[in-house]
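Structural description and commentary
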Number of protein chains: 2
Amino acid sequence: MPLPRANTISRTFAALSDPTRLTILARLAKQGDMTVQDIARPFAMSLPAVSQHLKVLEQAGLISRGRNGQQRPCRLRPERLAAAQAWLDNTRHAWEARLDRLENFLAAKKDTRQ
Amino acid sequence: MPLPRANTISRTFAALSDPTRLTILARLAKQGDMTVQDIARPFAMSLPAVSQHLKVLEQAGLISRGRNGQQRPCRLRPERLAAAQAWLDNTRHAWEARLDRLENFLAAKKDTRQ
DNA sequence: CCCATATTTAAGTGATGACTTAAATATAGG
DNA sequence: CCTATATTTAAGTCATCACTTAAATATGGG
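Residues numbered from 1 in each chain as written. Chains lettered and ligands numbered in written order. Predicted model: local features only at pLDDT ≥ 70, side-chain atom pairs only at ≥ 80, totals over all residues. Heavy atoms only, no water.

With respect to the overall build of chain A
A count of helices and strands for chain A gives five helices and two strands. Taken from the N to the C terminus, the helices and strands of chain A come in the order α-α-α-α-β-β-α. Against the compact-globule benchmark of 13 Å for 114 residues, chain A has a radius of gyration of 21 Å, which places it well outside the compact range. The principal-axis extents of the C-alpha atoms in chain A amount to approximately 75 × 30 × 25 Å. Taken across its 114 residues, chain A has 38% of its residues classed as buried. Contacts in chain A between residues at least 24 apart in sequence constitute 45% of all its contacts with a sequence separation of at least 6. On chain A, roughly 7,000 Å² of surface is accessible, and the fraction owed to carbon and sulfur atoms is 49%. (Helix = DSSP H or I, 4+ residues; strand = E, 2+ residues; numbered from the N terminus. Rg over C-alpha atoms; globule rule 2.2 N^0.38 Å. Buried < 20%, exposed > 50% of the residue type's maximum accessible area, 1.4 Å probe, protein only. Contact = heavy atoms within 4.5 Å. Areas by Shrake-Rupley, 256 points an atom, 1.4 Å probe, with all protein chains shown as cover.)

Encoded structure:
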């Protein structure tokens, strides 16, 4: 599995860059599938605004939507969250590995000097 | 340590929502501290554009900057990356835990029916 | 078919973002 | 002090974003 390119992963982060959308995702994770009305209820914004947020999340692959009568239940899709996590993990790991190599190098230098 | 609010963490994600900035962070992680010129070299954009990206990263707490003569070396700060990871981890974990509870519930239901 | 409910689309607005070029600032070193 | 190098600030432009209200669409049930 190749590492996703910066361009792909930045799309995911863009979808995560709004507090309303983060709250929506967190609620879907904790409470399971929800209708648009349920999702919108706690927010101080119009229904279309929430619907637009859901569209962003869907296009980013962070949620999927079904059909249940007139309702379009939303479900969290964890795959892209995992991909974002993987990028962060890689980056942080590269940073730690560099520090370790640097430490080893300095320790070795000190050894030869003595 | 309280969970960061959606508002705080969304700022971090916003800083991560640009491919140029992701690339910068990845290079800082792998190659260590770099000057603005070094950072800018591979990009097809002006130096001020890169400088502005660095400002965004610094204000998001994702990098810090020193002073070395005329140069302002940039260094990755992994803390906010870790915080972002933690949010993703929590959300994904909540999702998994819900699925598990649901599975248990269904299994129990099946048991009592038999 | 008609009506209520759920959701989306359209169209417009104000704010923010990612650039640009030109000009300003900071520092090192003769 | 003067000049070269490194970096930032200023100011403007064009695109995108997060909303709004009004209108459209979809579905279920008399």
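What follows continues from the structure just given.
Here we look at the protein's contact with DNA strand D
Around DNA strand D, the surrounding shell holds 23 residues, and the nearest of these are S46(A), Q52(A), H53(A), Q37(B) and S51(B). A share of 70% of the atoms of DNA strand D within 4 Å of the protein falls on sugar and phosphate groups. One of the side-chain N or O atoms of R65(B) is found 2.9 Å from a phosphate oxygen in DNA strand D. At 3.1 Å from a phosphate oxygen of DNA strand D is found a main-chain nitrogen or oxygen belonging to R72(B). Residue assignment for the surface near DNA strand D shows that the elements contributing at least two residues are helix 4 (47-59) of chain A together with helix 3 (36-40) and helix 4 (47-59) of chain B. Residues of the surface near DNA strand D, tallied by class, amount to six nonpolar, eleven polar and six charged. (Near = heavy atom within 4 Å. Polar contact = N/O pair within 3.5 Å; in protein donor to acceptor, adjacent residues only side chain to side chain. Nonpolar A, V, L, I, M, F, W, Y, C, P; charged D, E, K, R; others polar.)

A closer look at the interface of chain A and chain B
The figure often quoted for interface size is the accessible area lost as the parts come together. Each side of the interface is counted separately: chain A has 35 residues, and chain B has 35 residues. Across the chain A to chain B interface the summed buried area is about 2,900 Å²; carbon plus sulfur atoms make up 74%. For the interface between chain A and chain B, the tally reads zero salt bridges. The interface formed by chain A and chain B includes four residue pairs in polar contact (both at pLDDT 80 or more). Every element with two or more residues in the side of chain A that touches chain B is listed here: helix 1 (6-15), helix 2 (19-31), strand 2 (74-76) and helix 5 (78-113) of chain A. For the side of chain A that touches chain B, the leading source of residues is helix 5 of chain A, giving 14 residues. Its residues placed into classes, the side of chain A that touches chain B shows 20 nonpolar, eight polar and seven charged. (Buried area = accessible area lost by both parts, 1.4 Å probe. Salt bridge = Lys/Arg side-chain N within 4 Å of Asp/Glu carboxyl O.)

Notes on the protein's contact with DNA strand C
By nearness alone, 23 residues border DNA strand C, and Q37(A), S51(A), R65(A), S46(B) and H53(B) come closest of all. Put simply, 71% of the atoms of DNA strand C that lie within 4 Å of the protein are in sugar or phosphate. R21(B) is positioned such that a nitrogen or oxygen atom in its side chain is 3.1 Å from a phosphate oxygen of DNA strand C.

Description of the nonpolar core
Soluble globular proteins: nonpolar side chains tend toward being buried together. Membership of the largest hydrophobic core comes to 60 residues, with the highest contact counts inside it found for F13(A), L16(A), W87(A), F13(B), L16(B) and W87(B). Beyond its immediate sequence surroundings of up to four residues, W87(B) is in contact with L16(A), L22(A), L25(A), A26(A), L81(A), I9(B) and F13(B). (Core = buried A, V, L, I, M, F, W, Y, C linked by side-chain atoms within 4.5 Å.)

Quick notes on a nonpolar patch on the surface
Residues and elements named next belong to chain A. A contiguous nonpolar patch, built from L99, L102, F105 and L106 and spanning about 360 Å² of accessible area, is present on the exposed surface. Locating L106 in the fold gives a position in helix 5. Looking at L106, the relative accessible area reads 46%, which means it is partly exposed. (Patch = residues over 30% accessible without salt bridge, like charges linked within 9 Å, V, L, I, M, F, W, Y side chains within 5 Å.)

Side note on the relation of the copies chain A and chain B
With an axial shift of 0.0 Å and an RMSD of 0.0 Å, the rotation relating chain A to chain B amounts to 180°. One copy is carried onto the other by what is essentially a two-fold rotation axis. Interface residue correspondence from chain A to chain B reaches 100%, placing this contact among same-surface, isologous pairings. (Least-squares fit on C-alpha atoms with pLDDT ≥ 70 in both.)

Some thoughts on the side chain of T20(B)
Tracing the backbone shows T20(B) in helix 2 (residues 19-31). On the basis of relative accessible area, T20(B) is assigned to the buried category, the value being 12%.

Quick word on the packing of helix 2 of chain A against helix 1 (residues 6-15) of chain B
At a minimum axis separation of 8 Å, helix 2 of chain A and helix 1 of chain B run at an interaxial angle of 110°. On the basis of their axis angle, the class for helix 2 of chain A and helix 1 of chain B is roughly perpendicular. At the point where helix 2 of chain A passes helix 1 of chain B, the crossing takes the right-handed sense. Packed against helix 2 of chain A, whose contacting residues are P19(A), L22(A) and T23(A), the element helix 1 of chain B presents A6(B), N7(B), I9(B), S10(B) and F13(B) at the interface. Taken together, the residues of the contact of helix 2 of chain A with helix 1 of chain B break down into five nonpolar, three polar and no charged. (Axes fitted to C-alpha atoms, helices over the stretch in contact; angles between N-to-C directions. Parallel < 35°, antiparallel > 145°, perpendicular 65-115°, else oblique. Left-handed = near helix turned anticlockwise from the far one by under 90°.)

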